[in-house]
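# A structural walkthrough
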Amino acid sequence: MSRPWVTLKLATSLDGRIATAAGESRWITGQASREQVHRLRAEHDAVLVGINTAIRDDAELTVRLPDYTGKQPARVVLDTHQRLPLESRLAQTTGLGPVLLITAVVTPSEALTEAGVRVLHAPAREVGVDVGVLMDILQQEGIQRVFVEGGGRVAASFVKAGCVDRVEWFRAPMILGGEGKAAIGELHVEGLPQAFRLRRVAVETVGDDLWERYERPL
Ligand SMILES: NC(=O)c1ccc[n+]([C@@H]2O[C@H](COP(=O)([O-])OP(=O)(O)OC[C@H]3O[C@@H](n4cnc5c(N)ncnc54)[C@H](OP(=O)(O)O)[C@@H]3O)[C@@H](O)[C@H]2O)c1
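First things first, this report covers the structure right here in the doc. (Residues numbered from 1 in each chain as written. Predicted model: local features only at pLDDT ≥ 70, side-chain atom pairs only at ≥ 80, totals over all residues.)

### Focus: the overall build of the protein
Stated formally: Strands here mean DSSP runs of E at least two residues long; helices mean DSSP runs of H or I at least four residues long; both are numbered from the N terminus. The globule rule used for comparison is 2.2 Å times the number of residues to the exponent 0.38, while the radius of gyration itself is calculated over C-alpha atoms. Every C-beta atom is placed from the backbone, and the number of other C-beta atoms within 10 Å of a residue's own sets its class: buried at 20 or more, exposed at 12 or fewer, partly exposed in between. By the convention adopted here, residues make contact when the C-beta atoms placed from their backbones lie within 7 Å.
When its secondary structure is counted, the protein shows six helices and eleven strands. A globule of 218 residues ought to have a C-alpha radius of gyration of about 17 Å, and the protein, at 17 Å, matches this closely. Across the 218 residues in the protein, those meeting the buried criterion constitute 39%. A fraction of 72% describes how many contacts in the protein between residues 6 or more apart in sequence connect residues 24 or more apart.

Rendered as structure tokens:
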């Protein structure tokens, strides 16, 4: 494969919502699922999120496990307009491992660069930055395995670009309703033959949650 391997992680309610309408997502899934997510992060070279998630959740996106001494994955933010706040956990923790910000702005923000964030350019598309160019950038950075942690718009972009190889879906026994944020944003699927289909490879219980694992069919 000439692009990095992409795993999409979803942590949802039973009805496939990743957050309430107001954007609250902590915590939908339980502690055991969250620990498993840290193990999955550790198996990847980079963890990637969209700027809305970076701002709303303000997560560090590092591997935090009691016995973990391995390398920290790079953290990648898709941020068309360089909106990542300087005071965000990502910008404040560049010492823990690389933080890459992919933006359509040609001139990198001096403040973010000084904070240790690597600002890299990709052209803008209808939604955000070009996923194909992003894949080339990650490849050039030596990133072979990417763990996409959302949100819904970023997940949709990866599905639309045909860049999802595996799905790790943690589903909590909770119902949030249609006004909650969908795990995958709009795809404009014209009919069922055009839907992105997957092959389920495993199902496990993790605490009170269900962990479903899917792969792209061969
Ligand atoms: N339950 C969970 O596991 C989980 C995980 C993650 C997030 N969440 C929740 O999801 C919500 C955020 O999701 P969201 O869908 O609103 O936003 P998102 O996917 O985090 O970010 C989307 C934004 O990223 C930027 N972007 C740049 N390039 C992009 C591209 N190629 N494709 C898509 N977006 C790109 C765009 O903003 P600009 O044009 O301004 O750059 C876009 O609006 C939050 O409430 C968060 O708490 C839940």
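### With respect to helix α6 (residues 152-160)
All buried positions along α6 are accounted for by G152, V154, A155, S157, F158 and V159. Just downstream of α6, G162 is the residue with a positive phi angle, here 70°.

### Examining the sheet that holds strand β10 (residues 199-206)
What counts is decided by this rule: At least two bridges found by DSSP between two strands are what make those strands a pair. Fitting a line to C-alpha atoms yields each axis, with helices limited to the stretch in contact; the angle taken between N-to-C directions then spans 0 to 180 degrees.
Taken in spatial order, the nine strands line up as β6-β5-β4-β3-β7-β1-β8-β11-β10 in an open sheet, and their pairing is mixed. The open sheet terminates on both sides in strands that have one partner only, identified here as β6 (118-121) and β10. Between one strand axis and the next, the sheet turns by 20° as a mean value, whatever way the strands run. Relative to strand β4 (residues 74-78), strand β3 (residues 46-50) is paired through five bridges, and the arrangement is parallel. By the bridge assignment for β4, A46 is matched with A74.

### Re the site of the ligand
Quick note on the threshold: Being near a molecule or strand means, for a residue, that its backbone-placed C-beta atom lies within 6 Å of it. Classification convention: Asp, Glu, Lys, Arg as charged; Ala, Val, Leu, Ile, Met, Phe, Trp, Tyr, Cys, Pro as nonpolar; all other residues, Gly among them, as polar.
Surveying the vicinity of the ligand reveals 31 residues, the closest of which are G50, N52, G128, G150 and G151. In terms of residues, the shell around the ligand owes the most to one element, helix α2 (residues 51-57), which gives five residues. Class assignment of the residues belonging to the shell around the ligand gives a composition of eleven nonpolar, 13 polar and seven charged.

### Observations regarding the pairing of strand β5 (residues 99-103)
For β5, a buried count of five out of five residues is recorded, marking the element as mostly surrounded by other parts of the structure. Judged by which residues are buried, β5 turns out to be covered on both faces: V99, L101 and T103 on one side and L100 and I102 on the other are all buried. Where β5 lies against β6, four bridges are found, and the strand directions are parallel. In the strand pairing of β6, T103 is matched with H121.

### Quick word on helix α1 (residues 31-42)
The criterion, for reference: Working rule for helices: expected span equals 1.5 Å times residues minus one. Note: the arc covers the axis-to-C-beta directions of the helix.
Here α1 spans 17 Å end to end across twelve residues, near enough to the 16 Å set by a 1.5 Å rise per residue. Within the sequence span of α1, burial applies to S33, V37 and R41. For α1, the angular spread of the buried residues around the axis is 90°, confining them to a single face. Away from its buried face by more than 90 degrees, α1 exposes Q31 and R39. Contacts from the buried residues of α1 go to β1 (5-13), β3, β7 (145-148), β8 (166-172), β10 and β11 (209-215).

### Here's the deal with unusual backbone geometry
Backbone geometry follows two general trends: most residues other than glycine have a negative phi, and most peptide bonds adopt the trans configuration. For the bond running from R26 to W27, omega is -10°, close enough to zero to count as cis. For W27, the position within the fold is in the loop between β2 (17-19) and α1. For the peptide bond that leads from G150 to G151, omega is 0°, which places it in the cis range. With respect to the helices and strands, the residue G151 is situated in the loop between β7 and α6. One non-glycine residue, Q82, lies in positive phi territory at about 55°. Phi angles above zero are rare outside glycine, and H188 is one such case at about 55°.

### Some thoughts on the nonpolar core
Heads up, the condition is: Nonpolar cores are built from buried Ala, Val, Leu, Ile, Met, Phe, Trp, Tyr and Cys residues. These are joined into a set through C-beta atoms within 7 Å.
The biggest cluster of nonpolar side chains holds 52 residues, and the ones touching the most others in it are A46, V77, L101, V148 and F158. Aside from chain neighbours lying at most four places away, what touches A46 is P73, A74, V76, L138, I143, V146 and F147.

### Focus on the environment of H188
Following the sequence through the fold, H188 ends up in the loop between β9 (181-182) and β10. For the pair H188 and A156, spaced 32 residues apart in sequence, the C-alpha separation works out to 9.9 Å.

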